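# Topology and contacts: notes
For reference, the chains in residue letters:
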Protein chains: 2
Amino acid sequence: MNSPLKVAVLGCGSVGSQVVRLLQEQSDDLAARIGAPIELAGVAVRRLDAPREVELPDELLTTDAIGLVTRGDIDLVVEVIGGIEPARSLILAALENGASVVTANKALLAEDGPTLYEAADKAGRDLYFEAAVAGAIPILRPLRESLAGDKVTRVLGIVNGTTNFILDKMDTSGAGFADALSEAQDLGYAEADPTADVEGFDAAAKAAILASLAFHTRVTAADVYREGISEVTAADVASARDMGSVVKLLAICELRDGAVSARVHPAMIPASHPLASVRGAYNAVFVESEAAGQLMFYGPGAGGSPTASAVLGDLVTVARNKLAGTRGAGESAYAARELLPMGETVTSYHVQLDVDDRAGVLAAVANAFADQGVSIQTVRQEGRGADAQLVVVSHPATDAALAATVDHLRNMDIVRDVTSVMRVEGAE
Amino acid sequence: MNSPLKVAVLGCGSVGSQVVRLLQEQSDDLAARIGAPIELAGVAVRRLDAPREVELPDELLTTDAIGLVTRGDIDLVVEVIGGIEPARSLILAALENGASVVTANKALLAEDGPTLYEAADKAGRDLYFEAAVAGAIPILRPLRESLAGDKVTRVLGIVNGTTNFILDKMDTSGAGFADALSEAQDLGYAEADPTADVEGFDAAAKAAILASLAFHTRVTAADVYREGISEVTAADVASARDMGSVVKLLAICELRDGAVSARVHPAMIPASHPLASVRGAYNAVFVESEAAGQLMFYGPGAGGSPTASAVLGDLVTVARNKLAGTRGAGESAYAARELLPMGETVTSYHVQLDVDDRAGVLAAVANAFADQGVSIQTVRQEGRGADAQLVVVSHPATDAALAATVDHLRNMDIVRDVTSVMRVEGAE
């Protein structure tokens, strides 16, 4: 057995405390799997006297995070503080000081990943971050390694548990967004300020990371088109159900003619799609590739213990690499692909309209689609008189043409109201 | 860029031809991802003039497989011949000659894996085999690496597409086993001799590999308890449906008090279980671990192109390792666990009985369970007179106690027939 590897853990909140717990409880197994014991050398916290979910000797706790990562004997650093600073400075200092780093920091990776990747390359150290996307679900490693001989063409992910819980609740109970959000907050699935989740910022960060890995290029959170779920209504959800679909907030990464479309928005997907049955706060990532076909990875997308499982998996790998004097595959951005603007992205729309109940309405609406070069897949006419409705599902077209069509519909005399507009995914 | 790595492909059937195609079509991407070009140095085939799904220069083809792997300049060997010999000798020769090996050979790994692992260790070379279980689905790498910091407690796998197709067909159409098998054969999902699939031999090999990796111990195919699906009747499937379940052939690997239960048998699982919606010839592996919770990996479990995707993913990894002068994690069997005999395995039974329609029948049946120390979870009484039926679902008990209960029921005067006996999984 080799001499122990020293690990510093930065942050001891819900994830950090579980990382520490697993390091303690699984120490024999970890040593057997790595080939050397892991020694917890220090835990950086904001306040020494804060209550914690794990028992720790006082001498391991410090408020001096930078002192911990630069003290000279740290082999491995786990960063589970989150946010941009001081996490970035700490990771950079850790790499410069010869440590390999495992992080769960999606926001930092999506905003400034290349700075970190380059620092890891320069230092010849590992930077692993499986826990940054979809919690416990192994998805980054499969994309980076298992599918490295294949050509990934599309990734559809339910990568935010809060919004999936809310949409699932709306679907099963008929509740509106506000009520479902309120229940999610009561149950601890949503924060008091739910913006990062419900407006899709969290999912967009994950989409950027997924697109970068899937397509071997650089995509940042700012490159990701983003719509949240706060505008999704009970009527949208009911309308989806009427056509045998469910509404999900999807992180979508697609390759089209060599360019990358990366976007986050609510979409209707058929109930038969494997993602449709992902319930509650669970996450799942659906991957399409040329040779493998359709794969799906499913599991808990958040939570201290699941996220810690992903962190520890990475820790075992970087520890093995450290012992072997090597490192894993670093950033792979050789393809340097262009980004497709949202308007040029090809999608389908589901549009529900309150219309006047008279002859010629269907023709006029059909013309509004045709004028933008959008062809119609199905039209359903429902109700009579003041309740007359049209439900139109388009064939795939550019998002710009579809948006222009909807704008035009809103201004037509015979259209009393556009009651639901939503993109449709996963239907082919 | 480094100088090319030379790869020999052994076998050019449905998988081998797709491996060769991907090597040709993706060569630029593979070179960028590996850091060196991959040069196809030779393809060993049985007959030089056989029709092939891929175009190959004549000079690359050889019938001298052992000559190819021992010629001295081969860096990487892909073995997709299948079966025990000559595959084993070829892999051993390749390792001895300094090549790293990627194989899809589940039968060989499940029968004699340790011999191969030891040869790889001795040679200091990689032996990777993601394609051996569940085709394109990345499952072995997640078990070996992503979950290396966690404690896997159970693996439930639908790992044989042929039997899943047949059971799905029986479920959706009400067909009996023979008709569903016949359709599977017509569609190319089942072989003319379907024994290896329908009797669970294929799934048992995969269960052995999954159990070995999940629990860090050695499990061979001979250690796996095995029942196939040829005795599953339309009545079993209908009975499952009546209780909101479906019948699946499961590969089950469980840790119980530190010992391993590895088994393959048909089981009823609730329709709400993520595995229940795995349709047709798709595969999925459901993993339970202490920290991560419940994960599922889903995708195509067979086919030339999906299997080749898994082979190529491994090839990229072992090529990177070769370039870095290192190797990936080898066999991890440090836990050296005991195997639990089937009789001591804890399961639940679903039992359906034709019974006499008279007072005291339910009490007598309940006593038969109680006599073996088995407690009953639910009893449903159906029909009257000559159609009187009891459907009993037990609480978990040892398989031996449950089997003894069924034996006893079969001999009771008031029991006219035991019409369906099946284990129940995934219910807790």
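Residues numbered from 1 in each chain as written. Chains lettered and ligands numbered in written order. Predicted model: local features only at pLDDT ≥ 70, side-chain atom pairs only at ≥ 80, totals over all residues. Heavy atoms only, no water.

Under an unreviewed UniProt entry, the name given to chain A is Homoserine dehydrogenase, and the source organism is Nocardioides jejuensis. On record in UniProt, under Sequence similarities (unreviewed entry), the comment for chain A is "Belongs to the homoserine dehydrogenase family." Taken verbatim from the UniProt record of chain A, the Cofactor (unreviewed entry) comment is "a metal cation". (UniProt positions renumbered as here; feature names shortened; annotations may be inferred.)

All names here are of chain A. Tallied over the entire structure, the rule returns 52 salt bridges over all chains. Residues Asp112 and Arg88 are paired through a salt bridge, measuring 2.6 Å at the closest nitrogen-oxygen approach. Of this pair, Asp112 sits in helix H5 (residues 106-123) while Arg88 sits in helix H4 (residues 87-96), placing them 24 residues apart in sequence. A single burial state applies to Asp112 and to Arg88, both of which are buried. Arg218 serves as the salt-bridge partner of Glu331, at 2.8 Å between the closest nitrogen and oxygen. You can see Glu331 sitting in the loop between helix H12 (304-324) and strand S13 (346-355) and its partner Arg218 sitting in the loop between helix H10 (201-215) and strand S8 (225-226), a full 113 residues away along the chain. Residue classification places Arg218 among the partly exposed positions, given a relative accessible area of 35%. It is possible to trace a salt-bridge network through shared partners that takes in Arg154, Glu254, Arg263, Glu288 and Glu425. (Salt bridge = Lys/Arg side-chain N within 4 Å of Asp/Glu carboxyl O. Helix = DSSP H or I, 4+ residues; strand = E, 2+ residues; numbered from the N terminus. Buried < 20%, exposed > 50% of the residue type's maximum accessible area, 1.4 Å probe, protein only.)

With that out of the way, let us pick up empty space enclosed by the protein. All names here are of chain A. Taken as a whole and judged by the stated rule, the model has seven cavities of 30 Å³ or more. Looking at the largest cavity, its volume works out to about 230 Å³. Surrounding the largest cavity, 19 residues form its lining, Arg144, Leu213, Gly330, Glu331 and Ser332 being those nearest its centre. At the level of elements, H5 and H10 are the ones that each hand at least two residues to the lining of the largest cavity. With three residues, H5 is the single largest residue contributor to the lining of the largest cavity. Of the residues belonging to the lining of the largest cavity, the class tally is six nonpolar, six polar and seven charged. A domain split of the lining of the largest cavity shows at least three residues from each of domain 1 (5-135 + 304-324) and domain 2 (140-300). If you add up the space inside the second largest cavity, you get close to 70 Å³. Leu109, Tyr117, Ala208, Ser212 and Val219 are, among the 13 residues lining the second largest cavity, the residues nearest its centre. No other element matches the five residues that H5 contributes to the lining of the second largest cavity. (1 Å grid on protein atoms, 1.4 Å probe; cavity = no way out; pocket = protein on both sides within 12 Å on 5 of 7 lines; lining within 4 Å. Points joined across faces, edges and corners; volume = space filled by probe spheres on them. Nonpolar A, V, L, I, M, F, W, Y, C, P; charged D, E, K, R; others polar. Domains from an automatic or database assignment.)

Least-squares fitting of chain B to chain A yields an RMSD of 0.0 Å, with the transformation described by 0.0 Å of translation along the axis and a rotation of 180 degrees. Taken together, these values place the two copies in the relation of a two-fold axis. By C-alpha distance to the rotation axis, the residue of chain B lying nearest is B:Phe297, at 2.4 Å. An overlap of 100% is found between the interface residues of chain B and their copies at the interface of chain A, pointing to a shared contact surface. (Least-squares fit on C-alpha atoms with pLDDT ≥ 70 in both. Contact = heavy atoms within 4.5 Å.)

All names here are of chain A. Of all 12 residues in strand S9 (residues 245-256), 11 are buried; the element is thus mostly enclosed. Inspection of the sheet shows S9 paired to strand S10 (residues 259-270) by 12 bridges, in the antiparallel sense. When the bridges of S10 are listed, Val246 appears paired with Ile269. As consecutive antiparallel partners, S9 and S10 are separated by two residues, and within that stretch Asp257 has a phi angle of approximately 50 degrees, a positive value. (Pairing = 2+ DSSP bridges.)

With that settled, the discussion passes to the UniProt feature "domain: ACT" (unreviewed entry) in chain A. Here the UniProt feature "domain: ACT" (unreviewed entry) sits at residues 350-423 of chain A. As annotated, residues 350-423 of chain A has a helix share of 31% and a strand share of 41%, and its two end C-alpha atoms lie 6 Å apart.

All names here are of chain A. Mapped onto this structure's residue numbering, the UniProt feature "binding site: L-homoserine" (unreviewed entry) falls at Glu191. Structurally, Glu191 is set in the loop between helix H8 (177-186) and helix H9 (195-198). Glu191 gets classed as exposed once you look at its relative accessible area, which sits at 53%. Apart from residues lying up to four places away in sequence, Glu191 is in contact with Gln185 and Asp197.

Across the junction of A:Glu85 and A:Pro86, the peptide omega takes the value 5 degrees, indicating a cis bond. In this structure, A:Pro86 sits in the loop between strand S4 (76-79) and H4. Although it is not a glycine, B:Ala134 adopts a positive phi angle of roughly 60 degrees. Locating B:Ala134 in the fold gives a position in the loop between strand S6 (127-128) and helix H6 (140-146).

Formed by 166 residues in total, the largest nonpolar core has its most connected members in A:Ile139 and B:Ile139. Discounting chain neighbours no more than four positions away, the residues touching B:Ile139 are B:Glu130, B:Val133, B:Ala134, B:Leu210, B:Val285, B:Val287 and B:Phe297. (Core = buried A, V, L, I, M, F, W, Y, C linked by side-chain atoms within 4.5 Å.)

With that settled, the discussion passes to the sheet that holds strand S4 (residues 76-79) of chain B. Residue and element names in this part refer to chain B. Ordered by their spatial adjacency, six strands build an open sheet running S3-S2-S1-S4-S5-S6, and the pairing between neighbours is parallel. Two strands bound the open sheet, and with one partner strand each, they are strand S3 (61-62) and S6. Pairing of strand S2 (residues 38-44) with S3, which is carried by two bridges, proceeds in the parallel orientation. Residue Val43 lies in a different strand from S3, and its bridge partner there is Leu61. Helix H4 (residues 87-96) rests against strand S1 (5-10), S4, strand S5 (100-103) and S6 of the sheet, and its axis sits at about 150 degrees to S5. (Axes fitted to C-alpha atoms, helices over the stretch in contact; angles between N-to-C directions.)

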